[in-house]
Amino acid sequence: MLITRKAEFSASHLCALPGLSDEQNREIYGAAANPKGHGHNYTLEVTLSGEPDPGTGMIFDLKKLKDIISRTVVDPMDHRFLNYEVPPFDRVVPTAENLAIEIWNRLATHFPKGESAQLYNVRLYETDDLYVDYAGDPGAGTEARR
Amino acid sequence: MIRVTRRFRFSASHRLHSNRFTDAENSELYGKCNNPFGHGHDYVLDIGVLGPVEPATGLAVNLQALDRLVQECVLNDFEHRYLNEEIEEFAEAIPTSENIVLAIEERLRRRWHSIFPGDWPRLENMRLQETKRNRFELTT
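Within each chain, residue numbers correspond to sequence positions counted from 1 in written order. Chains carry letters and ligands carry numbers; both start at the beginning, A for chains and 1 for ligands, and go up in the order they are written. Confidence filtering applies because this is a predicted model: local features only for residues at pLDDT of at least 70, side-chain atom pairs given and counted only at 80 or more, and all residues used for totals across whole chains, interfaces and linings.

Colleague: When you look at the overall build of chain B in this model, what are you seeing that I'm missing?
Modeller: For chain B, the count of helices and strands is four helices and five strands. Taken from N to C terminus, the helices and strands of chain B fall in the order β-α-β-α-β-α-α-β-β. A principal-axis box enclosing the C-alpha atoms of chain B has dimensions of 60 × 25 × 25 Å. A buried classification covers 21% of the 140 residues belonging to chain B. Only DSSP runs of H or I covering at least 4 residues are called helices, and only runs of E covering at least 2 are called strands; the numbering of each starts at the N terminus. Buried means a residue has 20 or more other C-beta atoms within 10 Å of its own C-beta, exposed means 12 or fewer, and partly exposed covers the counts in between; C-beta atoms are placed from the backbone.

Below is the structure:
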């Protein structure tokens, strides 16, 4: 069974590679390359997989999931300029893809192998018209059990 | 691997009617969608693309390129058109959402490798929402 918890945060970012000209960055990242940055209302959907515990009837305590998401993602990222204030985005371009991977990695440590609830998917909406899904990297031992 | 889903919109009209059936049969089969003057929808098209994140750029797909491709292959032709009479695929085929998805897939596939020449990113799925209450999904 799957359960999904939603969270929101607002942050600014800019997507550009330091070695490239403004024009080259625009070709790769479009309007997101604006050197002054810009912001989004991100929506995050965290999906866990597991079977309901016979005692509690729950796969995972949703309140606990909300706290984990708040502590690891929302609190450090909400109302921040990701490139300047949230590592590793001082070195890593904060594309939606990289942000989803970073969020997965931050959450994955809370759902170790062998526990009944496993992290299954991270969906990050950058806007209503763009979202990315990430379910871990099989090579890094953080893959979802699919 | 990461999946990037990009949403596009177009508004178009259509009429569901097959020459293989009588008027009464068409009316029975397609209901309101058989109205002789046609009718329209605000379609929502989600294109799902799968690929590894390129380490240098942090991108699984160049969105500028994807947007241009969908604009040129689909939106330029479909936006504010009467599909039955203005889109060549529907001279024969009936513009049900099923057939619209298949036509869009074919159009994207024809040009995909000229825009994305490598193994990745791949066109993975397409979802067409005709109204808020129905949607059609194709995994390629």
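Colleague: What is the right way to look at the nonpolar core in this model?
Modeller: Nonpolar side chains in soluble globular proteins generally cluster together in the buried interior. Joining buried Ala, Val, Leu, Ile, Met, Phe, Trp, Tyr and Cys residues through C-beta atoms within 7 Å gives a set, and that set is a nonpolar core. Counting 49 residues, the largest nonpolar core has Ala 100, Ile 103 and Leu 124 of chain A as its most contacted members. C-beta atoms are placed from the backbone for every residue, and two residues are taken to be in contact when these atoms lie within 7 Å. If sequence neighbours within four positions are ignored, Ala 100 of chain A has contacts with Val 122, Leu 124, Val 132 and Tyr 134 of chain A together with Ile 2 of chain B. Core analysis: the second largest hydrophobic core is formed by seven residues, Ala 16, Tyr 29, Ala 32 and Val 93 of chain A among them.

Colleague: What is the right way to look at the environment of Asn 84 of chain B in this model?
Modeller: All names here are of chain B. Mapped onto the elements of the fold, Asn 84 is located in helix H3 (residues 83-86). On the basis of neighbour counts, which here come to 18 C-beta atoms within 10 Å, the residue Asn 84 falls in the partly exposed class. The sequence separation of Asn 84 and Gly 118 amounts to 34 residues, and the corresponding C-alpha distance is 35 Å. With residues up to four places along the chain from it excluded, the contact list for Asn 84 reads His 14, Arg 15, Gly 38, Phe 90 and Pro 95.

Colleague: Even after reading the chapter, I still don't get the environment of Lys 66 of chain A, so can you show me in this structure?
Modeller: All names here are of chain A. Structurally, the position occupied by Lys 66 is in helix H2 (residues 62-77). Taking the C-beta count within 10 Å as the criterion, Lys 66 has 15 such neighbours and is therefore assigned partly exposed. Sequence spacing of Lys 66 and Glu 51 is 15 residues, and the spatial spacing of their C-alpha atoms is 19 Å.

Colleague: Would you mind showing me how to read the interface of chain B and chain A here?
Modeller: For interface size, the figure often reported is the accessible area lost on association. Contacts between the two partners involve 14 residues from chain B, matched on the other side by 18 residues from chain A. Of all the secondary structure elements, the ones that give two or more residues to the side of chain B that touches chain A are strand S1 (2-14) and helix H2 (63-78) of chain B. All amino acids are sorted into three groups, where Ala, Val, Leu, Ile, Met, Phe, Trp, Tyr, Cys and Pro are nonpolar, Asp, Glu, Lys and Arg are charged, and the leftover types, Gly among them, are polar. Looking at side-chain class alone, the side of chain B that touches chain A contains six nonpolar, five polar and three charged residues. Sheet topology places strand S5 (residues 130-134) of chain A next to S1 of chain B; five bridges connect them, and they run antiparallel. Looking at S1 of chain B, one finds that Leu 130 of chain A is bridged to Arg 6 of chain B. DSSP bridges decide pairing: two strands pair if at least two such bridges lie between them.

Colleague: Looking at this structure, I do not really get the packing of H2 of chain A against helix H4 (residues 96-108) of chain A. What am I missing?
Modeller: Packed helices, taken two at a time, are described by the angle their axes make and the gap between the axes. Residue and element names in this part refer to chain A. Axis definition: a line fit to C-alpha positions, over the contact stretch in the case of helices; interaxial angles, taken between N-to-C directions, run 0 to 180 degrees. Following both chains from N to C, one finds H2 and H4 inclined at 130°, their axes separated by 10 Å at the closest point. Between H2 and H4, the interaxial angle falls into the category oblique. The way H2 lies across H4 gives a crossing that is right-handed. Taken together, the residues of H4 that come into contact with H2 (itself represented by Ile 68, Thr 72 and Val 73) are Ile 103, Arg 106 and Leu 107. In the contact of H2 with H4, the residues fall into four nonpolar, one polar and one charged. Should an angle fall under 35 degrees it is called roughly parallel, over 145 degrees roughly antiparallel, and 65 to 115 degrees roughly perpendicular, with every other angle called oblique. By definition, any crossing whose near helix is turned counterclockwise from its far helix by less than a right angle is left-handed, and any crossing with a clockwise turn is right-handed.

Colleague: Can you walk me through the pairing of S5 of chain A in this structure?
Modeller: Regular strands place their side chains on alternate faces of the sheet. All names here are of chain A. When strand S4 (residues 118-127) meets S5, the two strands line up antiparallel, connected through five bridges. Bridge pairing in S5 links Arg 123 to Asp 133. Counting the residues that bridge the hairpin from S4 to S5 gives two residues.

Colleague: Quick question: what am I supposed to make of unusual backbone geometry here?
Modeller: Glycine aside, residues mostly have negative phi angles, and peptide bonds mostly take the trans form. Following Pro 87 of chain A, the chain continues into Pro 88 of chain A via a peptide bond in cis, with omega recorded as 10°. With respect to the helices, strands and loops of the structure, Pro 88 of chain A is situated in the loop between helix H3 (82-85) and H4. Residues Trp 120 of chain B and Pro 121 of chain B are joined by a peptide bond in cis, for which omega reads -5°. Assignment of secondary structure puts Pro 121 of chain B in the loop between helix H4 (97-115) and strand S4 (122-131). The phi dihedral of His 79 of chain A falls on the positive side, at around 60°, and the residue is not glycine. Inspection of the secondary structure puts His 79 of chain A in the loop between H2 and strand S3 (80-81). Even without being a glycine, His 80 of chain B presents a positive backbone phi close to 55°. Here His 80 of chain B lies in the loop between H2 and strand S3 (81-82). The exposure class of His 80 of chain B is exposed, given the 11 C-beta atoms found within 10 Å.

These figures capture arrangement, not role.
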